[in-house]
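# Remarks on the overall topology
Residue-level listing of the chains:
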Amino acid sequence: MVFTKIYLIPGFVSVFVPLTFVITYVMAVLNGHVEALFPYISNTGSLSPESCVFAQCTNIAAFLILCCVYVKYLQVIEFPTISSGSGVSDAINRTALVFGIISCIGFDIVGNFQESNIIVVHMIGAVLCFGAGTIYFSIQLWISYKIPGLTSRVILIVRTVIVTLCIVFTFTTMFCGIFSYMEAEEKENREAYMKWKPEDGGWELHLISAFSEWILGFSYCAMFLSYVPEFYAINVHTPVITFKKMNNSLFTVEE
């Protein structure tokens with residue numbers, strides 16, 4: 001079997017993930033679980049019933065993103081065989097694959113281990129998702145420049161802008177989030193982490209961190225959207241299995 005429309009996967013991801021964020025945001029605000037002004041993305045999926053939608057959609061998205069990561073890995077391997085240009089080392093390509101997988105795992109952890117239930121595991125997932133995700137896209141940008149003809153010049157420029165945003169907003173999301181939470185703790189406003197208000201400690205830093213997280217999430221989706229033109233030229237075949245050489249038949253049939 002040959003899959004000829006593999007480009008639909010990154011296209012779907014780039015629409016499905018932002019739509020999930022918007023739906024859970026609206027549900028969380030209407031239920032009074034978060035403040036309307038820039039809550040963290042994961043806060044909008046922390047309490048029921050929106051947590052059910054967030055977790056299920058995250059599971060679907062993480063799997064589809066993993067498919068994109070793996071197809072991209074195979075594309076980098078195969079492209080030099082049909083072009084006159086040089087490729088990149090297997091080590092670089094495998095490193096990108098590993099960081100992509102780690103980011104997918106982190107994303108799934110964020111969706112299924114809500115901050116309101118197990119905050120330590122949730123934060124570990126967030127660091128894996130955003131930290132490994134930004135490294136993955138940075139490596140993919142380097143690969144795009146390293147292999148001539150792999151993508152168009154316009155997409156190269158777009159990816160450069162997106163990755164720059166990813167790097168900047170990864171740092172602002174993490175560090176401003178840490179410092180804002182520390183200020184809230186110092187003023188004994190731990191519960192304000194779910195419904196942050198101006199009178200709570202770390203309000204300004206919280207806004208910067210939450211705003212950065214939203215930009216970062218949409219930047220990731222834009223990066224996957226840039227995969228669509230490349231995947232349009234790709235066909236994916238079903239895996240081929242081979243049997244190990246054995247002395248006798250695989251199964252012994254008694255007469």
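Residues numbered from 1 in each chain as written. Predicted model: local features only at pLDDT ≥ 70, side-chain atom pairs only at ≥ 80, totals over all residues. Heavy atoms only, no water.

This brings us to the packing of aromatic side chains. Two numbers describe a pair of aromatic rings. These are the distance of the centres and the angle of the planes. Applying the stated criterion to the full structure yields 16 aromatic pairs. Pairing phenylalanine 21 with tryptophan 214 gives two aromatic rings, centres 6.2 Å apart and planes at 80°, and the pair type is edge-to-face. With phenylalanine 21 in helix H1 (residues 8–30) and tryptophan 214 in helix H6 (residues 203–225), this residue pair connects regions lying 193 residues apart in the sequence. With centroids separated by 5.2 Å and ring planes inclined at 75°, the aromatic side chains of phenylalanine 137 and phenylalanine 224 adopt a geometry described as edge-to-face. Of this pair, phenylalanine 137 sits in helix H4 (residues 119–146) while phenylalanine 224 sits in helix H6, placing them 87 residues apart in sequence. Phenylalanine 224 shares its class with phenylalanine 137; the two are buried. (Phe/Tyr/Trp six-rings, centres within 6.5 Å; stacked < 30°, edge-to-face > 60°. Helix = DSSP H or I, 4+ residues; strand = E, 2+ residues; numbered from the N terminus. Buried < 20%, exposed > 50% of the residue type's maximum accessible area, 1.4 Å probe, protein only.)

Let us now look at the environment of aspartate 200. Among the secondary structure elements, aspartate 200 is positioned in the loop between helix H5 (153–186) and H6. You can call aspartate 200 buried: its relative accessible area is 13%.

Turning to the packing of helix H2 (residues 50–78) against helix H3 (residues 90–112), a few remarks are in order. H3 packs onto H2 with a crossing angle of 175° between their chain directions and a minimal axis gap of 8 Å. With respect to their mutual orientation, H2 and H3 come out roughly antiparallel. Considering only residue class, the contact of H2 with H3 consists of 16 nonpolar, six polar and two charged. (Axes fitted to C-alpha atoms, helices over the stretch in contact; angles between N-to-C directions. Parallel < 35°, antiparallel > 145°, perpendicular 65-115°, else oblique. Nonpolar A, V, L, I, M, F, W, Y, C, P; charged D, E, K, R; others polar.)

Turning our eyes to something else, we now look at the nonpolar core. Ile65, Phe137, Ile143, Ile147, Phe224 and Phe231 are the most contacted members of the largest nonpolar core, which has 46 residues in total. Secondary-structure elements contributing two or more residues to this core are H1, H2, H3, H4, H5 and H6. When near neighbours in sequence (up to four residues on either side) are disregarded, isoleucine 65 contacts Val13, Cys104, Phe107 and Phe224. (Core = buried A, V, L, I, M, F, W, Y, C linked by side-chain atoms within 4.5 Å. Contact = heavy atoms within 4.5 Å.)

Turning our attention to the layout of surface pockets. Computed from the structure, the largest pocket encloses a volume of approximately 700 Å³. Elements with a minimum of two residues in the lining of the largest pocket: H1, H2, H3, H4, H5 and H6. Element by element, the count of residues in the lining of the largest pocket is highest for H4, at ten residues. Within the lining of the largest pocket, the residues separate by chemical class into 26 nonpolar, nine polar and two charged. (1 Å grid on protein atoms, 1.4 Å probe; cavity = no way out; pocket = protein on both sides within 12 Å on 5 of 7 lines; lining within 4 Å. Points joined across faces, edges and corners; volume = space filled by probe spheres on them.)

Should the charged atoms of two oppositely charged side chains come close, the side chains can pair. Counted under the stated rule, the structure contains two salt bridges. Of the charged contacts, one joins lysine 72 and glutamate 230 as a salt bridge, the two residues approaching to 2.3 Å between their closest N and O atoms. Residue lysine 72 is located in helix H2, and its partner glutamate 230 is located in helix H7 (residues 228–231); the two are separated by 158 residues in the primary sequence. The same class applies to lysine 72 and to glutamate 230, which are both buried. Under the relative-accessibility criterion, glutamate 230 is labelled buried at 5%. (Salt bridge = Lys/Arg side-chain N within 4 Å of Asp/Glu carboxyl O.)

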